[in-house]
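Now for the letters of each chain:
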Amino acid sequence: MQPTFTSSRILLPVRPGFIFFSLSLALLLNFLPTAQWPGIPDWLALVLAFWCIREPRYIGMGGAFLLGLCMDVADGAVLGQHSFAYVLLAYTATRQSRRILWFPLAQQAIQVLPMLAGAQLIQLVLRFLAGAEFPGWGFLIGPLLATLLWIPLTYLLLLPQYQPVEHDANRPL
């Protein structure tokens, strides 16, 4: 798949190991102490939404559930809080993937914003139901920053799939 459908670049198939690596790196970024600062995006939700939109056959609701359990254990949150939010995010991203890919990258980011904000709001509601206090308005700035990071993240995660620009006469593709 190209970055958008108006692109003329042909991409190589994605390697499942690269998907696993990028999700693991996002999980590690969420484990950092800076992840609790106001306005820091949920890296795992962002990368999970990206791969659910780009490659819905490789990552789905089951993977989102397992990654959510890892986040619940790491954050010491109510078990299932991140899992529920990530599963709904994965479902929404997979369901909307064909439609979202028709848009240019800036409009894709706008389409992804409600999904990421919804995942944050679900986590916020589940925290309230568990008796936690309001974490502050900075908690809701994270999806906005993640939306701004959508375009550079797209190019970064698609970089290994780009074919070389120079054409070799000995290569069939």
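Here the structure is shown first, and the text comes after it.
Definitions and limits used
- Residues numbered from 1 in each chain as written.
- Predicted model: local features only at pLDDT ≥ 70, side-chain atom pairs only at ≥ 80, totals over all residues.
- Heavy atoms only, no water.
- 1 Å grid on protein atoms, 1.4 Å probe; cavity = no way out; pocket = protein on both sides within 12 Å on 5 of 7 lines; lining within 4 Å.
- Points joined across faces, edges and corners; volume = space filled by probe spheres on them.
- Helix = DSSP H or I, 4+ residues; strand = E, 2+ residues; numbered from the N terminus.
- Core = buried A, V, L, I, M, F, W, Y, C linked by side-chain atoms within 4.5 Å.
- Buried < 20%, exposed > 50% of the residue type's maximum accessible area, 1.4 Å probe, protein only.
- Contact = heavy atoms within 4.5 Å.
- Phe/Tyr/Trp six-rings, centres within 6.5 Å; stacked < 30°, edge-to-face > 60°.

Once that is clear, we can look at the layout of surface pockets. Regions of empty space are outlined by a rolling probe, equal in size to a water molecule, passed over the atoms. Taken as a whole, the largest pocket encloses approximately 330 Å³ of empty space. As for the largest pocket, its lining consists of 19 residues, of which A35, Q36, I40, R127 and F139 are closest to the centre. Every element with two or more residues in the lining of the largest pocket is listed here: α3 (61-75), α4 (81-100) and α5 (105-129). A total of three residues in the lining of the largest pocket trace back to one element, the largest contributor, which is α5.

Turning to the nonpolar core, a few remarks are in order. Formed by 39 residues in total, the largest nonpolar core has its most connected members in L23, L48 and W51. At the level of elements, α1 (16-31), α2 (43-54), α3, α4, α5 and α7 (150-158) are the ones that each hand at least two residues to this core. The dominant element in this core, judged by the number of residues it contributes, is α2, at 10 residues. Leave out the neighbours within four places in its chain, and W51 touches V14, F18, I19, S22, L23, P56, I59, L157 and Q161.

With that settled, the discussion passes to the packing of aromatic side chains. A complete count under the given rule lists six aromatic pairs for this structure. Here F50 and W51 contribute two aromatic rings whose centre-to-centre distance is 4.9 Å and whose plane-to-plane angle is 75°, an arrangement assigned as edge-to-face. Both residues of the pair, F50 and W51, count as buried. Taken together, the ring pairs in this structure connect F18, F21, F50, W51 and W150 into an aromatic cluster.

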